Amino acid sequence: MSAATSAPRARFPQRVRMHVSYHWRNSGSPLVTGLRDRWDTRRTAVFPSVRSDLADLSVGYSGLREGLAYTLEFTELRREEGPRQSAVRVSGQVSGSELRNHGSLPAADIRIVGTSASLARRMPKEASLLIPMRVHFVIDFDGDPEAARRAISKRERSQFNRDMRLHHWDWALNSSPEWFDAFYDDHYRPTMFRRHGSRERTEGKDAAYECLFRTGRLFMLSQDGAPIGGALCHWDAAQKVLTLRLLGVEDGAERHYESGAFKAIYHLLIGWAAENGVRRLDFQGTEPFLSKGTFQWKRRFGTRVVMPPNHFGDKRLWLQVCQDTPAVRDYLVANPTLAETEDSLLEAVYFFDEQRPPRLDYSAKAAGVERIRHVDLDAFLAPLL
């Protein structure tokens, strides 16, 4: 697992600032996560408070700024199905003190508050759910590489094996700064833009080089001797945890999705990790909604759903329904979610009523999801009468 550390590209003060920022966002140290939790949810803080109206449904989000991208945007994407529309947003602010008083939050059909787990657990229980802000997908290795491969769904394994025989991909570490530049500029960034467009959230190139590449692991996927994709991972040598941070295929091109090359990155990374002393592979996370494509994608690789090891592990969403309307019911049924139980376990919640069957096509089958609960909307929304 040893790899040479490449030379720095920034001056020492800049490198210090990049590392502080990177670890503030990503560190799993209890000291850092505890400090950030207190800082992010302090009473004197000022938080965004946004009402989003789209498709006969209003969703209000208040709280941690990350929730604008991770949560509110998701609700808008799910409401944009059908004729293309744009959400109408009305933006304001609330203080940390106001956030603790749900009655002071803007009116909406559905209200969501992003805050600390401890505060979210004290919010009203009526017509509400306690939801992780994000979840991660991990694979724990026990020294048997074949066991890790067998845990992948049969369909995924069969397709990968077929694609591998057809394309003869090669997968290897490549620690050259030249490959880092090519990977970042020609693979990672185009892929992120293709997948997310104007909503893309990317790691800056200087920070990726300093905080990931210099001490991490950079892989190259090649075909006929030419690179067509890659992955840049954070490496925690003490815990032997490999965390996938950046990945991409050449030019973000559709042909690499059609050929299976994009999927192959996940398969090949699992195989490499299983054979090279990695104890845990972390594919990072997604929003905890089962209708999220990333959720369905990552669970197929034999992963286990866990709370994030960084500061998001201490963050929750409090979701409360304020109006019983057909649009509200449609949305809740169409977007089953993971929720936290009173004993801090994860469960999958599927809503339904007489006209709307539960969306069981969004599977919750994954280690770490302890149970499945079907919730009758008539009973759930009864407190609103």
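Coordinates for the structure precede this section.
The shown structure was predicted, so the numbers you read here are calculated from the model rather than taken from an experiment.

With that settled, consider the nonpolar core. Phe-141, Trp-171, Leu-269, Ile-270, Leu-281 and Phe-283 are the most contacted members of the largest nonpolar core, which totals 46 residues. Looking at this core, the elements with two or more residues in it are strand S6 (135-140), strand S8 (217-223), strand S9 (226-236), strand S10 (241-249), helix H11 (261-275), strand S11 (280-286), helix H12 (293-299) and strand S15 (346-352). The element contributing the most residues to this core is H11, with 11 residues. Beyond its immediate stretch of four places on either side in the chain, Phe-283 contacts Phe-137, Ile-139, Leu-244, Tyr-266, Leu-269, Ile-270, Lys-298, Phe-301 and Thr-303. Formed by 42 residues, the second largest nonpolar core is a distinct cluster that contains Val-59, Met-133, Phe-289 and Leu-319.

Here the focus is the sheet that holds S15. Strand order in the open sheet formed by three strands is S14-S15-S16, with mixed pairing between adjacent strands. Taken across any chain shown, the strands that pair with only one partner, and hence form the sheet edges, are strand S14 (337-340) and strand S16 (371-376). Averaged over all adjacent pairs, the angle separating strand axes in this sheet is 40°, with direction ignored. Strand direction decides the pairing type here: S15 and S16, joined by six bridges, are parallel.

Most of S11 is tucked away, with six of its seven residues classed as buried. The pairing of S6 with S11 spans five bridges and is classified as antiparallel. The residue of S11 that forms the bridge with Ile-139 is Leu-281. Sheet topology places S10 next to S11; three bridges connect them, and they run parallel. Residue pairing in the sheet places Thr-243 in a bridge with Asp-282 of S11.

A cluster of nonpolar side chains, contributed by Phe-12, Val-16 and Val-20, occupies part of the molecular surface with about 300 Å² of accessible area. Mapped onto the fold, Val-16 is located in helix H1 (residues 12-26). Since its relative accessible area comes to 36%, Val-16 is described here as partly exposed.

A few words on the packing of aromatic side chains. On inspection of all chains with the given rule, the structure shows 21 aromatic pairs. Between Tyr-209 and Phe-213 the ring centres are 5.2 Å apart and the planes differ by 40°, which places this aromatic pair in the tilted class. Highlighted residues: Tyr-209 and Phe-213, both in helix H9 (residues 205-213), separated by four residues, approximately one helical turn. Of the residues examined, Tyr-209 reaches a relative accessible area of 5% and is grouped as buried. Centroid distance Phe-219 to Trp-272: 4.9 Å. Interplanar angle 75°. Geometry classified as edge-to-face. Within this pair, whereas Phe-219 is found in strand S8, its partner Trp-272 is found in helix H11, the two being separated by 53 residues in sequence. No difference in accessibility class separates Phe-219 from Trp-272, as the two residues are buried. By way of ring pairs, the aromatic residues Trp-179, Phe-180, Phe-183, Tyr-184, Tyr-188, Tyr-209 and Phe-213 are connected into one cluster. The cationic tip of Arg-194 hangs over the ring face of Tyr-257; the distance from NZ or CZ to the ring centre is 4.1 Å.

Reading guide: rules and limits
- Residue numbers run consecutively from 1 along every chain, following the written order of its sequence.
- With pLDDT at 70 or above as the cut-off, local features in this predicted model cover only qualifying residues; side-chain atom pairs require 80 or more to be listed or tallied, and sums for whole chains, interfaces and linings still use all residues.
- Side-chain metrics in this entry use all non-hydrogen atoms of the structure; hydrogen atoms and water are not considered.
- By nonpolar core is meant a set of buried Ala, Val, Leu, Ile, Met, Phe, Trp, Tyr and Cys residues that side-chain atoms within 4.5 Å join together.
- Per-residue accessibility, obtained with a 1.4 Å probe over protein chains only, is compared with the maximum for each type, and a residue is labelled buried under 20%, exposed over 50%, and partly exposed between these values.
- The numbering of helices and of strands both runs from the N terminus, where a helix is a DSSP run of H or I of at least 4 residues and a strand a run of E of at least 2.
- We call two residues in contact when some of their heavy atoms are within 4.5 Å.
- DSSP-based pairing: two strands are paired if at least 2 bridges between them are found.
- Each axis is a line fitted through C-alpha atoms, taken for helices only over the stretch in contact, and angles between the N-to-C directions span 0 to 180 degrees.
- Patch membership is restricted to residues that have no salt bridge and whose relative accessible area is over 30%. Joining uses 9 Å for like charges and 5 Å for the nonpolar side chains Val, Leu, Ile, Met, Phe, Trp and Tyr.
- The Shrake-Rupley method, run with a 1.4 Å probe sphere, supplies the accessible areas, and residue values consider only the shown protein chains as cover.
- Just to be clear on terms, a salt bridge is a Lys or Arg side-chain nitrogen sitting within 4 Å of an Asp or Glu carboxyl oxygen.
- Whether two aromatic rings pair depends on their centres lying within 6.5 Å, for rings of Phe, Tyr and Trp, where Trp uses its six-membered ring; planes under 30 degrees apart make the pair stacked, over 60 edge-to-face, and the rest tilted.
- The rule is short: NZ of Lys or CZ of Arg within 6 Å of the ring centre and within 35 degrees of the ring normal puts a charge over the ring.

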